[in-house]
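So you can see what is in the structure, the chains are spelled out below.
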Amino acid sequence: MDHWLAEAESILAIARASWDSSNSEIVIIRDWAGGLEIKDGAGWSLFGLQAASGAKAVYRVTRTSTCLKVEVVCGSQSRLFKEELAPRSPSHPAHPHTAASSSSLLIKAG
C-alpha cells in the first residue's frame, strides 16, 4: 500500500498544480500491468469500480474551489487525502502554491 500512498500524494500535487475555481471529479484506474485509465466515475463507489474493472488500485480526484481530495482504494484498504485551499478572490486570484492551505491524510480502515 505504501506505493499507492505515494502515488496518491503525487496525484494530489498534480491536482493542486492545475487548481482552478471550477469543480471537477475524475477517477484514475491503475491496472495490474501498470497502465492508467482516466474516466468519469460518477455513480460508482471506489470498491465497486475496482471490482468491476479488476483494477489493482482506483483513485478518485475531487476538486472544488476550496478543497482537493484524493481517495484511493487498493485491495481492501482505502485512504483519503484532503487539502483545504484558501478561496480565491475574483480581483486577486492566488496561485495554488501561494494560497494558504492545509493538508491532511485521513486513514480509513479497509
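Data block above holds the structure.
Predicted, not measured: the structure shown is a model, and the values here were computed from it.

### A word on the pairing of strand E5 (residues 77-85)
Okay, so step 1: Where strand E4 (residues 67-74) meets E5, eight bridges bridge the pair, whose relative direction is antiparallel. Its bridge partner lying in E5, Leu68 is registered against Glu83.
Okay, so step 2: Where E4 hands over to E5, the hairpin turn is made up of two residues, of which Gly75 adopts a positive phi near 65 degrees.

### Thoughts on the environment of Leu68
Okay, so step 1: In this structure, Leu68 sits in strand E4.
Okay, so step 2: Considering only alpha carbons, one finds Leu68 and Glu25, 43 residues apart in sequence, at a separation of 9.8 Å.

### As for the pattern of salt bridges
Charged atoms that come close allow side chains of opposite charge to pair.
Okay, so step 1: Scanning the model with the defined rule gives four salt bridges in all.
Okay, so step 2: As a salt-bridge pair, Glu7 and Arg30 come within 2.2 Å of each other at their nearest N and O atoms. Pair noted here: Glu7 is in helix H1 (residues 2-17) and Arg30 is in strand E1 (residues 24-30), with a separation of 23 residues, a long-range link.
Okay, so step 3: Residue class for Glu7 comes out buried when judged on its relative accessible area of 15%.
Okay, so step 4: Taking relative accessible area as the criterion, Arg30 reaches 12% and is therefore assigned buried.
Okay, so step 5: Among the charged side chains, a salt-bridge network with shared partners connects Glu25, Arg60 and Glu71.

Analysis parameters
- The numbering scheme is per chain: residues are counted from 1 as the chain's sequence reads.
- Confidence filtering applies because this is a predicted model: local features only for residues at pLDDT of at least 70, side-chain atom pairs given and counted only at 80 or more, and all residues used for totals across whole chains, interfaces and linings.
- With hydrogens and water stripped out, all remaining heavy atoms of the structure feed into the side-chain values.
- When DSSP locates at least two bridges between a pair of strands, those strands are taken to pair.
- What counts as a helix is a DSSP run of H or I of at least four residues, what counts as a strand is a run of E of at least two, and both are numbered from the N terminus.
- Salt bridge, as used here, is a side-chain nitrogen of Lys or Arg placed within 4 Å of a carboxyl oxygen of Asp or Glu.
- Burial status follows relative accessibility: with a 1.4 Å probe on protein chains alone, a residue under 20% of its type maximum counts as buried, one over 50% as exposed, and anything between as partly exposed.

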